[in-house]
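Examination of the molecular architecture
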Amino acid sequence: MSQHIHLKPVSEILKNLKADAQPQWGRMSAQHMVEHLTNSVNFSNGKKLLTHNLPEDKAAKAKAFLLSERPMPRGVGANPEAELPALRHETLEKAIEELQEAVQEFETHHLNREIQYAHPAFGKLNKAEWDVFHSKHFTHHLSQFGLL
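First, a word on scope: everything that follows refers to the structure included in this document. (Residues numbered from 1 in each chain as written. Predicted model: local features only at pLDDT ≥ 70, side-chain atom pairs only at ≥ 80, totals over all residues. Heavy atoms only, no water.)

**Notes on the overall build of the protein chain**
Summing up its helical and strand segments, the protein chain has five helices and two strands in all. C-alpha extents for the protein chain along the principal axes are approximately 40 × 35 × 30 Å. Looking at the protein chain residue by residue over its 148 residues, the buried ones come to 41%. Partitioning the contacts of the protein chain with sequence separation of at least 6, the portion at a separation of at least 24 is 80%. The protein chain carries 17 positive and 18 negative side-chain charges, and their two centres are separated by 4 Å. (Helix = DSSP H or I, 4+ residues; strand = E, 2+ residues; numbered from the N terminus. Buried < 20%, exposed > 50% of the residue type's maximum accessible area, 1.4 Å probe, protein only. Contact = heavy atoms within 4.5 Å. Lys, Arg positive; Asp, Glu negative; His and termini not counted. Charge placed at Lys NZ, Arg CZ, Asp CG, Glu CD.)

Shown next, in the form of structure tokens:
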């Protein structure tokens, strides 16, 4: 998956993100995008747990896409009718700090452990599968803002 990024250099990439950056598609602001990425990392580091389980047949089909070379398509999962969530932070910089902390917690949390956490669309994922998801997801959104 050479076209995708790894989580560790993300802080370097995000140094180029400006608060007033306009997305190439979608409705999220730069800060909404960063906070959205943090939410997804928090699913994978045990800080945000799902209370429902995706049926196995749906999870298997979705996981096949996840583990493929295909990138996430524009607009995937987007609901144009839904309101964007309220921002959690006063500044983009604070949101980026929270994301960096979540990424570090993800790496530390999975160190020397075999643990799975549920993703809303892909079912239970282990560390290697979360790595693939985060790579695709971050690539998708960093591309959305012209950072890749």
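**A look at the nonpolar core**
General note: in soluble globular proteins, nonpolar side chains tend to be found buried as a group. Grouped together as the largest cluster of nonpolar side chains are 32 residues, with contacts concentrated most on L14, L17, V34, L99 and F138. Of all the secondary-structure elements, those providing two or more residues to this core are α1 (10–14), α2 (30–44), α3 (56–66), α4 (92–109) and α5 (127–144). Per-element tally for this core: the top contributor is α4, with seven residues. (Core = buried A, V, L, I, M, F, W, Y, C linked by side-chain atoms within 4.5 Å.)

**Quick notes on the pattern of salt bridges**
Taken as a whole and assessed by the stated rule, the structure comprises six salt bridges. Between E12 and K15 there is a salt bridge; the shortest N-O distance is 2.9 Å. K15 gets classed as exposed once you look at its relative accessible area, which sits at 55%. When the shortest N-O distance is used, the salt bridge between E98 and R88 registers 2.9 Å. Linking E98 in helix α4 with R88 in the loop between α3 and α4, this pair joins segments that are 10 residues apart in sequence. (Salt bridge = Lys/Arg side-chain N within 4 Å of Asp/Glu carboxyl O.)

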